[in-house]
Structure formats: structure tokens, C-alpha cells
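Letter by letter, the chains look like this.
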Amino acid sequence: HAAHDDLLIAFKLMYLHKELKKHTKSVLAECNVSSIDEYSFLLHLNAQESFRKMEIIALHNLEAPTGIEVIKRLLRNELITEFADQEDRRAKRIKITARGKKELSIMKPKIDSVFAEFTAPLTLHEKVHLSGIFDKLSGQVNG
């Protein structure tokens, strides 16, 4: 039974991931951002001055080639800019541009609304509890 329960949890998480992607697709279709990862990169870059490329890729749990593609699309759309890292000449840093901030300000309320609708069936207590469970599953909490 334990193996079946584990499979069920994994299946339900994958299902919810796909469901959330489906819900955000309509918002993304109206924007210069083509994926939830691109949106999330912009969100993080708006909250912090800049990131090393590999730093933000790791933060999003992406494989390097996938993360580089996300960065290339954002650069191509001039939503971010890249520059040399002062501490490590081999590394490049990225930061959000004014155009990226504008795009984010248009998208954020729409994405927030999608997320709110998605979690609407949950009480605040359930949301906090579920977030703690997800942290535990992703290894962000010790013990």
C-alpha cells in the first residue's frame, strides 16, 4: 500500500503541475513571456538587483541548458540584460530591464489572479500546511 500511496502522491503532483500550466497559458499568450519559468525569473530579478546566470537557474531547479534557453528568450525580448560579473570574470550576471519591469507589472495581477483561483478551495490554514508539506518534500526543511 505504501508504494501505491507514493505513486498516487507523485501522480497528483504531476497532474496539478499540468493543470496550473494550463491555467496560466491564457495569460502567457497575451504577453512577451512564453513560460511560467520566464515569469518567475522576472519576478526574482525584480526583487533582487541581479543574479549570476547559474544562480537563478539553480534557484528554479532547472537543467543548465533549459535555464540558458529561458535566459536567451528573456534577452531576445529585451526583458533582461546581461553583464560581466565583477567578482568572477567567467560568470555573467543578469538583471531586469525597464521593459521587463513594465511587462511584469502587466502580467503579475493576471498571474496572481490565476494562482488565487487555483488555490481558492483551500482555507488559509490548509494553504500554510500544504506549503510546509511541499517544503518538506523539496528538502527545504530539516528533519
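Thresholds, definitions, all that
- Residues numbered from 1 in each chain as written.
- Predicted model: local features only at pLDDT ≥ 70, side-chain atom pairs only at ≥ 80, totals over all residues.
- Heavy atoms only, no water.
- Helix = DSSP H or I, 4+ residues; strand = E, 2+ residues; numbered from the N terminus.
- Expected span 1.5 Å × (residues − 1).
- Salt bridge = Lys/Arg side-chain N within 4 Å of Asp/Glu carboxyl O.
- Buried < 20%, exposed > 50% of the residue type's maximum accessible area, 1.4 Å probe, protein only.

Digging into helix H6 (residues 124-137)
Turning to step 1, where the next piece is worked out: For H6, which comprises 14 residues, the first-to-last C-alpha distance of 20 Å matches the rise-based estimate of 20 Å (1.5 Å per residue) to within 8%.
Turning to step 2, where the next piece is worked out: At the exit of H6 stands Gly-139, carrying a positive phi of roughly 75 degrees.

Structural notes on the pattern of salt bridges
Pairs can form between side chains of opposite charge once their charged atoms are near each other.
Turning to step 1, where the next piece is worked out: The tally for this structure, following the rule as stated, stands at 11 salt bridges.
Turning to step 2, where the next piece is worked out: Taking the shortest distance from any N to any O, the salt bridge between Arg-73 and Glu-38 comes out at 2.4 Å. Linking Arg-73 in helix H4 (residues 64-76) with Glu-38 in helix H2 (residues 36-47), this pair joins segments that are 35 residues apart in sequence.
Turning to step 3, where the next piece is worked out: Residue class for Arg-73 comes out partly exposed when judged on its relative accessible area of 24%.
Turning to step 4, where the next piece is worked out: One salt-bridge network, in which partners are shared between bridges, spans Arg-52, Asp-85, Glu-87 and Arg-93.

Quick look at unusual backbone geometry
Turning to step 1, where the next piece is worked out: Of note, Asn-61 is a non-glycine position whose phi angle comes to about 55 degrees, a positive value.
Turning to step 2, where the next piece is worked out: Structurally, Asn-61 can be placed in the loop between helix H3 (53-59) and H4.
Turning to step 3, where the next piece is worked out: A positive phi is found at Glu-78, a non-glycine position, where the angle reads about 60 degrees.
Turning to step 4, where the next piece is worked out: Examined against the element boundaries, Glu-78 turns out to sit in the loop between H4 and strand S2 (80-84).
Turning to step 5, where the next piece is worked out: Assessed through its relative accessible area of 48%, Glu-78 is described here as partly exposed.

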